[in-house]
Amino acid sequence: MTKVPFEDLPILTWSPDADGQPHIAMFPGLPIMFKDRTRFKVHKRAEEWRAEELRKKAEQEAKRQKRDERRIKDREKRREAVE
């Protein structure tokens, strides 16, 4: 099975069989389901959720990078102090 990046996962949508039931959208392989009144709205809701998750991931990566840079600087200062 080939792993697909989260950004490239398709959004699958289903239309209800009867009136009054919600339209459904899902990402394949993820246990998350979106429901809304129209196919357009449910697809948009899934896209917005994905964008929010990608934004969170980018923030975490930026924090991790800053933390790593800080650790490297601290190590260099300690080495200089020992020498």
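For the structure, see preceding data.
Residues numbered from 1 in each chain as written. Predicted model: local features only at pLDDT ≥ 70, side-chain atom pairs only at ≥ 80, totals over all residues. Heavy atoms only, no water.

*Asks:* Residue-level account of the overall build of the chain, with values.
*Replies:* For the chain, the count of helices and strands is one helix and three strands. Tracing the chain from N to C terminus, the helices and strands come up as β-β-β-α. In terms of C-alpha radius of gyration, the chain reaches 22 Å, well past the compact-globule figure of 12 Å for 83 residues. By its C-alpha atoms, the chain is 75 × 30 × 15 Å across when sized along the principal axes. Across the 83 residues in the chain, those meeting the buried criterion constitute 13%. In the chain, the share of contacts with a sequence separation of at least 24, taken over all contacts with a separation of at least 6, comes to 25%. With the model as given, the accessible surface of the chain reaches about 7300 Å², and the carbon-plus-sulfur share is 51%. (Helix = DSSP H or I, 4+ residues; strand = E, 2+ residues; numbered from the N terminus. Rg over C-alpha atoms; globule rule 2.2 N^0.38 Å. Buried < 20%, exposed > 50% of the residue type's maximum accessible area, 1.4 Å probe, protein only. Contact = heavy atoms within 4.5 Å. Areas by Shrake-Rupley, 256 points an atom, 1.4 Å probe, with all protein chains shown as cover.)

*Asks:* Any chance you could break down a positive patch on the surface for me, citing the residues and the numbers?
*Replies:* Side chains of Arg67, Arg70, Arg71, Arg75, Arg78 and Arg79 sit close together on the surface and give a patch of like positive charge. Locating Arg71 in the fold gives a position in helix 1 (residues 39-82). Using a relative accessible area of 44% as the deciding quantity, one classes Arg71 as partly exposed. (Patch = residues over 30% accessible without salt bridge, like charges linked within 9 Å, V, L, I, M, F, W, Y side chains within 5 Å. Salt bridge = Lys/Arg side-chain N within 4 Å of Asp/Glu carboxyl O. Lys, Arg positive; Asp, Glu negative; His and termini not counted. Charge placed at Lys NZ, Arg CZ, Asp CG, Glu CD.)

*Asks:* Provide a residue-level description of the sheet that holds strand 3 (residues 33-36), including the pertinent values.
*Replies:* An order of 1-2-3 is seen for the three strands of this open sheet, with the pairing classed as antiparallel. With one partner strand each, in any of the chains shown, strand 1 (12-14) and strand 3 form the two edges of the open sheet. Strand-to-strand twist of the sheet, defined as the mean angle between neighbouring strand axes without regard to direction, takes the value 20°. In the packing of helix 1 onto the sheet, contacts are made with strand 1, strand 2 (23-26) and strand 3, and the angle to strand 3 comes to roughly 140°. (Pairing = 2+ DSSP bridges. Axes fitted to C-alpha atoms, helices over the stretch in contact; angles between N-to-C directions.)

*Asks:* Tell me about the environment of Phe40, and name the residues and values.
*Replies:* Inspection of the secondary structure puts Phe40 in helix 1. When the C-alpha positions of Phe40 and Thr13 are compared, they lie 9.3 Å apart, and in sequence the two are 27 residues distant.

*Asks:* Could you give an account of the environment of Gly29, with specific residues and numbers?
*Replies:* If you trace the backbone, Gly29 turns up in the loop between strand 2 and strand 3. For Gly29, a relative accessible area of 80% puts it in the exposed group. The spatial distance from the C-alpha of Gly29 to the C-alpha of Leu9 is 9.3 Å, given a sequence separation of 20 residues.

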